[in-house]
Amino acid sequence: MTTTPVHIYGPSFSNFVRTVMLVCEEKQIAYTVGFEVNGSEITFKGEQHLNWHPFGKIPVLLESKTHAELALAETASICRYLDTDKQLQPSNSQDYAKHDALCALISIDIDKVLVREYLLEFSFPKGENNSIRFDVVKEVQPKAAATIAIIEKMLNEDTALSSQHFTIADALLAPMLHYISCLPAGFNLLTDFPKVAQYLADLMTRPSCQKVLITKKL
Ligand SMILES: N[C@@H](CCC(=O)N[C@@H](CS)C(=O)NCC(=O)O)C(=O)O
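Since we're looking at a predicted model, the values are computed, not measured.

1. Details of the sheet that holds strand β1 (residues 6-9)
Overall, mixed pairing links the four strands, which are arranged β2-β1-β5-β6 in an open sheet. Strand pairing shows two members of the sheet lacking a second neighbour, β2 (31-34) and β6 (69-73), which therefore form its edges. Averaged over all pairs of adjacent strands, the angle between their axes in this sheet comes to 20 degrees, without regard to strand direction. Alignment of strand β5 (residues 60-64) against β6, held across five bridges, turns out to be antiparallel.

2. Topic: the nonpolar core
L82, I106, Y118, I148, L161, L173 and L177 are the most contacted members of the largest nonpolar core, which has 65 residues in total. Both domain 1 (6-82) and domain 2 (93-210) contribute no fewer than three residues apiece to this core. Leave out the neighbours within four places in its chain, and I148 touches L114, L177, I180, L189, L190, F193 and V196.

3. Observations concerning the domain arrangement of the chain
Taken domain by domain, the chain consists of domain 1 (6-82) and domain 2 (93-210). Once you take the C-alpha centre of each, domain 1 and domain 2 turn out to be 22 Å apart. The partner domain 2 presents 19 residues to the 12 residues of domain 1 that form the contact. In this assembly, domain 1 packs against domain 2 so that about 1400 Å² is buried in total across both faces, 66% of it on carbon and sulfur atoms. Area buried by domain 1 at its contact with domain 2 is led by N15, L22 and E26, which between them contribute 40% of it. Viewed at the interface, domain 2 and domain 1 are joined by two salt bridges. Across the pair E26 and R206 runs a salt bridge whose closest N-O atoms are separated by 2.8 Å. Where domain 1 packs against domain 2, one counts eight residue pairs in polar contact (both at pLDDT 80 or more). When contributions to the side of domain 1 that touches domain 2 are tallied by element, the ones reaching two or more residues are α1 (15-27) and α3 (75-82).

4. Thoughts on helix α5 (residues 134-156)
The end-to-end C-alpha distance of α5, which contains 23 residues, comes to 32 Å, matching closely the 33 Å that a straight helix rising 1.5 Å per residue would cover. Its axis deflected by about 40 degrees at Q141, α5 carries its strongest bend there, up to four residues before the proline P142. Burial in α5 covers these residues: V137, V140, Q141, A144, T147, I148, I151, E152, M154 and L155. Where α5 is buried, its residues contact α4 (93-123), α6 (168-181) and α7 (194-203).

How each quantity is defined
- Just so you know, the residues in each chain are numbered from 1, in the order the chain's sequence is written.
- Reporting in this predicted model follows two pLDDT cut-offs: at least 70 for local features of residues, and 80 or more for side-chain atom pairs to be given and counted; totals over whole chains, interfaces and linings ignore these cut-offs and use all residues.
- Just so you know, side-chain values use all the structure's heavy atoms and leave hydrogens and water out.
- We treat two strands as partners when DSSP finds at least two bridges between them.
- Only DSSP runs of H or I with at least four residues qualify as helices, and only runs of E with at least two residues qualify as strands; both kinds are numbered from the N terminus onward.
- Whenever a helix is involved, its axis is fitted only over the stretch in contact; in every case the axis is a line through C-alpha atoms, and angles between N-to-C directions fall within 0 to 180 degrees.
- Definition of nonpolar core: a set of buried residues of the types Ala, Val, Leu, Ile, Met, Phe, Trp, Tyr and Cys, connected through side-chain atoms within 4.5 Å.
- With a 1.4 Å probe rolled over the protein chains alone, any residue whose accessible area is under 20% of its type maximum counts as buried; one over 50% counts as exposed, and the rest are partly exposed.
- Where a domain begins and ends is set by an automatic assignment or by a domain database.
- Pairs of residues are marked as contacts when any of their non-hydrogen atoms sit within 4.5 Å.
- Using a 1.4 Å probe, buried area is obtained as the accessible area two parts lose upon being combined, added over both of them.
- Any Lys or Arg side-chain nitrogen found within 4 Å of a carboxyl oxygen on Asp or Glu counts as a salt bridge.
- Polar contacts, as counted here, are pairs of nitrogen or oxygen atoms within 3.5 Å of one another; within protein the pair requires one atom able to donate a hydrogen and one able to accept it, and residues that are adjacent in sequence qualify only if both atoms are side-chain atoms.
- The span one expects for a helix is its residue count, reduced by one, times 1.5 Å.
- Bend, in this description, refers to the angle at a residue between axes fitted to the seven residues ending there and the seven starting there.

Written as structure tokens, this is what we have:
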């Protein structure tokens, strides 16, 4: 692809930034990560960021080539771009399409419940004096558990997740599940879902996951 490292704009604690980091690790693509680009801090949701991503989301992949500069938004699209030899995606066209749909389900619906509605209340609490609103957590918990149950069901079926081959779908899901597994007892929903717990344990044997999925703070 390129000898100059790609840059992943965004903080390394973000689940989606971690997804791109995992893909870079798996593919041995050199990368840097953070809000600093070429020595300058690029303000989150500032003019430059909004030029790269109209909704000011992260990550944005930045790549400099001799003749062109690329700023690419949207995690799954970034991952597909980096996966030039398609090693992280099924080759059969139907399986390829199903994997693509799975990536959308994970990055839209699963992320919405597990990260936006559940995990973020622990990491960026919105209660008084920045305290965790346990009433909010308790209200969302059944929905979050139902979402993990959907993943458990997927693991019983023939999906890209259940294969032994690491895919972009795994890279999308692993950071979310890892953060859930780091929650205190009673909130770590994985304990009720043995297949999901085993799936994460298997992923955590990979050097990429051991390197990227480290801190507990989202
Ligand atoms: N559809 C986007 C979603 C990315 C996203 O939601 N990123 C979060 C951080 S993990 C973010 O930018 N949050 C800030 C915001 O929504 O304003 C993608 O798949 O890349």
